Amino acid sequence: MAKLYYYYGAMGSSKTANALMTRFNYEEIGQKALLCKPKLDTRDGERKVRSRIGLEEECVFLEDLMHYTEEEIRRYQCIVVDEVQFATPEQIDRLSDIVDFMDVPVVCYGLRADFQNRLFPGSQRLIAVADCIKELKTVCWCGKKATCNARYNERGIVREGEQVMLGSNDEYIALCRKHFKMGMLGPDFS
Ligand SMILES: [Zn+2]
């Protein structure tokens, strides 16, 4: 039985590297895995999934996958979705249909919560419907597990703003909840 998997983690928890590895693991045994991501995530340019450690692969947009026929989807042994937090609830439901009615596993990677510790639409839906939910871990500068994605700029931590700010110079850093609350970005920030 195919399953809908949701692997979540804060910034820097190797979600994209894991997504690329999952795809590679299928290819290595001669099976096909389709890599996709929501169109909203355009940080890395067009139709590419790129991880911090330098791995990258071509992908399709999740929006385009929504129009694939059952026959086209069944050509793949697995669907891998990166940056899934940006997916809409409707897209997540469609992914669950692929699992249930086409018996193709769907493996999703993404953030759980935004810079205000609120769920993204895609993560909220996945937490509700995924068969398997697992956390990918990363650490805060203090050594504790990082669960919060702090937005910051040259003035420090940013608390207000849109959930998704495209074209902004603000950056993100993973912090433990305590240091997120305190707005302490680490020893490299004064
Ligand atoms: Zn900390």
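This text follows the structure it describes.
Predicted, not measured: the structure shown is a model, and the values here were computed from it. (Residues numbered from 1 in each chain as written. Predicted model: local features only at pLDDT ≥ 70, side-chain atom pairs only at ≥ 80, totals over all residues.)

### A word on the overall build of the protein chain
Secondary structure summary: the protein chain contains 6 helices and 11 strands in total. Taking the principal axes of its C-alpha atoms as reference, the protein chain extends roughly 55 × 30 × 30 Å. Taking all 190 residues of the protein chain together, the buried fraction comes to 36%. Long-range contacts, defined here as pairs at least 24 residues apart, represent 75% of the contacts in the protein chain between residues at least 6 apart. (Helix = DSSP H or I, 4+ residues; strand = E, 2+ residues; numbered from the N terminus. Buried ≥ 20, exposed ≤ 12 C-beta atoms within 10 Å, placed from the backbone. Contact = placed C-beta atoms within 7 Å.)

### Things to note about helix α1 (residues 15-28)
Taking 1.5 Å of rise per residue, 14 residues should cover 20 Å, and α1 covers 20 Å from first to last C-alpha, within 8% of that figure. Tucked into the core, α1 has its buried residues touching β1 (4-8), β2 (33-37), β3 (48-50), β4 (56-58), β6 (78-81) and β7 (106-110). (Expected span 1.5 Å × (residues − 1).)

### Some words on the sheet that holds strand β5 (residues 60-61)
Ordered in space as β5-β2-β6-β7-β1-β8, the 6 strands form an open sheet in which the pairing is parallel. The sheet terminates laterally at β5 and β8 (132-135), the two strands that pair on one side only. Across 3 bridges, the pairing between β6 and β7 is parallel. Each bridged residue has a counterpart across the sheet, and for V80 the counterpart in β7 is V107. Against the sheet, α1 makes contact with β1, β2, β6 and β7, and its axis sits at roughly 160 degrees relative to β7, the strand it touches most. (Pairing = 2+ DSSP bridges. Axes fitted to C-alpha atoms, helices over the stretch in contact; angles between N-to-C directions.)

### Notes on the nonpolar core
By size, the foremost hydrophobic cluster in this structure holds 47 residues, and its most contacted members are I79, V80, V81, V106, C108 and L175. What V81 contacts, discounting residues up to four positions off in sequence, is C36, K37, L62, L95, V106, C108 and Y109. (Core = buried A, V, L, I, M, F, W, Y, C linked by C-beta atoms within 7 Å.)

### Let's talk about the pairing of β1
The two faces of a sheet get side chains in turn, since along a regular strand they alternate between them. Extensive coverage of β1 is indicated by the burial of 5 of its 5 residues. Bridge analysis of β1 against β7 gives 5 bridges, and the strand direction is parallel. For L4, the partnering residue across the bridge sits in β7 and is V106. Bridge analysis of β1 against β8 gives 4 bridges, and the strand direction is parallel. Note that in β8 the partner of Y6 across the bridge is I133.

### Quick look at the sheet that holds strand β10 (residues 156-158)
Each strand in a sheet pairs with its neighbour through backbone hydrogen bonds, running either in the same direction (parallel) or in the opposite one (antiparallel). Spatially, 3 strands are ordered β10-β9-β11 in an open sheet, and the strand pairing comes out antiparallel. Because the sheet does not close on itself, it has two edges, and the strands there are β10 and β11 (171-175). Within this sheet the neighbouring strands show an average axis-to-axis angle of 50 degrees, counted without direction. Alignment of strand β9 (residues 148-153) against β10, held across 3 bridges, turns out to be antiparallel. By the bridge assignment for β10, Y152 is matched with I157.

### Comments concerning helix α5 (residues 121-129)
Of all the residues in α5, the buried ones are G122, S123, R125 and L126. Looking down the long axis of α5, one finds its buried residues gathered within 165 degrees of arc, a one-sided arrangement. On its buried side, α5 packs onto β1, α4 (89-102) and β7. (Arc of directions from axis to C-beta.)

### Some remarks on unusual backbone geometry
The phi angle at S14 is positive, at roughly 65 degrees, despite the residue not being glycine. Relative to the helices and strands, S14 resides in the loop between β1 and α1. Even without a glycine there, the phi angle at N117 is positive, about 60 degrees. Under the C-beta neighbour-count criterion, N117 is labelled partly exposed, with 14 such atoms within 10 Å.

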